[in-house]
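Listed here are the chains, written in short residue letters.
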Amino acid sequence: LFFAEVDQEQGQLWSNFRRWCGSKFEGPKDMFRELKRAAATASPSGPNRDGGNNFAMTLLTQQRASRDVLSEQETASALDSLGWEHGDPATIFAIMDLSGEGAVSVRDMKWMELEARRSQMKMNAMKHAQRMSEKKARTKRMCAVALHDFKLMLQR
């Protein structure tokens, strides 16, 4: 059973997200580290956005940081910071939150291993195709030059 068979729109969103991640990150650990970094950069430190100082929220954030998990809000702000523009981060978070705990960890990103490999294989295939195309064009030019030189020699 494929995700797209259950909900085609969300299946397409997830497929696009996986491909985006595969092209952007090297694997689950890299993805988690970059999301963590982007979330930390995007969120203010100390007082809340409204200027108040919410000790409970700061404590919760510190606990999450120590557990190496990302909340839905952190994930959404990180995805925005990293350039994800193709769908609702809340839906992406809900799909990634395999345990239903309201937080995602590296453990929830194991799918990224396959996606990173796919992306790397695709990039390698594209590079190989480009090299082959260049080689074919170079060979064609060399043949044209050889033909031209041969015709000149016959005219002498």
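Just so it is clear, the structure is predicted and the values come from calculations on it, not from any experiment.

Some words on helix α6 (residues 89–96)
So, step 1. The buried count for α6 comes to six of eight residues, which makes it a mostly enclosed element.
So, step 2. For α6, the set of buried residues is P89, T91, I92, F93, I95 and M96.

A closer look at the nonpolar core
So, step 1. Ranked by internal contacts, the top residues of the largest apolar core, which has 25 residues, are F17, M31, M96, M109 and W111.
So, step 2. If you list the elements that add at least two residues to this core, you get α2 (8–24), α3 (28–42), α5 (72–82), α6 and α7 (111–155).
So, step 3. Not counting the four nearest positions on each side in its chain, M96 is found in contact with W14, F17, M31, T75, V104, D108, M109 and W111.

Some details on the confidence of the model for the protein
So, step 1. In this model, the protein carries a mean pLDDT of 84, and residues with pLDDT of at least 70 account for 81%.
So, step 2. For the stretch residues 46–53, pLDDT sits under 50, and the model shows eight contacts to residues farther than four places along the chain or on other chains.

As for α3
So, step 1. Helix length check: α3 (15 residues) gives 21 Å between terminal C-alpha atoms against 21 Å at 1.5 Å per residue, within 8%.
So, step 2. Buried within α3 we find P28, D30, M31, F32, L35, K36, A38 and A39.

Topic: the packing of aromatic side chains
So, step 1. Going through the model one piece at a time under the given rule, you end up with seven aromatic pairs.
So, step 2. Seen from their ring centres, W20 and F25 are 5.9 Å apart, and the 85 degrees between their planes marks the pair as edge-to-face. The same class applies to W20 and to F25, which are both buried.
So, step 3. What links up through ring pairs into an aromatic cluster is the set W14, F17, W20, F25, W84 and W111.

Topic: the packing of α3 against α5
So, step 1. The N-to-C vectors of α3 and α5 enclose an angle of 95 degrees; their axes lie 8 Å apart at closest approach. Regarding the angle of α3 to α5, the classification is roughly perpendicular. Together, E34, L35, R37, A38, A39 and A42 of α3 and E74, S77, A78, L79, S81 and L82 of α5 make up the contact between the two elements.

Observations concerning the packing of α2 against α7
So, step 1. Look at α2 against α7: their axes get within 8 Å of each other, and the N-to-C directions meet at 65 degrees. By the angle class used here, α2 and α7 are roughly perpendicular. Of the two possible hands of crossing, α2 and α7 adopt the one that is right-handed. For the pair α2 and α7, the contacting residues are W14, F17, R18, R19, C21, G22 and S23 in the first and W111, M112, E115, A116, R118 and S119 in the second.
So, step 2. Its residues placed into classes, the contact of α2 with α7 shows six nonpolar, three polar and four charged.

Focus: the side chain of D97
So, step 1. Relative to the assigned elements, D97 resides in the loop between α6 and β2 (103–104).
So, step 2. For the buried D97, which has no salt bridge, the nearest side chain bearing the opposite charge is R107, at an N-O separation of 7.4 Å.
So, step 3. Polar side-chain contacts of D97 include one of 2.8 Å to the backbone nitrogen of G102.
So, step 4. Those residues within four positions of D97 in sequence are excluded, and the remaining contacts are G102, A103 and V104.

Overview of the pattern of salt bridges
So, step 1. What the rule picks out here adds up to five salt bridges.
So, step 2. Here D30 and R33 are joined by a salt bridge, their closest N and O atoms 3.4 Å apart. With D30 and R33 both in helix α3 and three residues apart, this pair spans about one turn of that helix.
So, step 3. The partner of R37 in a salt bridge is E34, with the nearest N and O atoms 2.7 Å apart. Of this pair, R37 and E34 both sit in helix α3, separated by three residues, roughly a single helical turn.
So, step 4. Assessed through its relative accessible area of 42%, R37 is described here as partly exposed.
So, step 5. Connected via shared salt-bridge partners are R18, E115 and R118.

Calculation notes
- Residues numbered from 1 in each chain as written.
- Predicted model: local features only at pLDDT ≥ 70, side-chain atom pairs only at ≥ 80, totals over all residues.
- Heavy atoms only, no water.
- Buried < 20%, exposed > 50% of the residue type's maximum accessible area, 1.4 Å probe, protein only.
- Helix = DSSP H or I, 4+ residues; strand = E, 2+ residues; numbered from the N terminus.
- Core = buried A, V, L, I, M, F, W, Y, C linked by side-chain atoms within 4.5 Å.
- Contact = heavy atoms within 4.5 Å.
- pLDDT = per-residue confidence, 0-100.
- Expected span 1.5 Å × (residues − 1).
- Phe/Tyr/Trp six-rings, centres within 6.5 Å; stacked < 30°, edge-to-face > 60°.
- Axes fitted to C-alpha atoms, helices over the stretch in contact; angles between N-to-C directions.
- Parallel < 35°, antiparallel > 145°, perpendicular 65-115°, else oblique.
- Left-handed = near helix turned anticlockwise from the far one by under 90°.
- Nonpolar A, V, L, I, M, F, W, Y, C, P; charged D, E, K, R; others polar.
- Lys, Arg positive; Asp, Glu negative; His and termini not counted.
- Salt bridge = Lys/Arg side-chain N within 4 Å of Asp/Glu carboxyl O.
- Polar contact = N/O pair within 3.5 Å; in protein donor to acceptor, adjacent residues only side chain to side chain.

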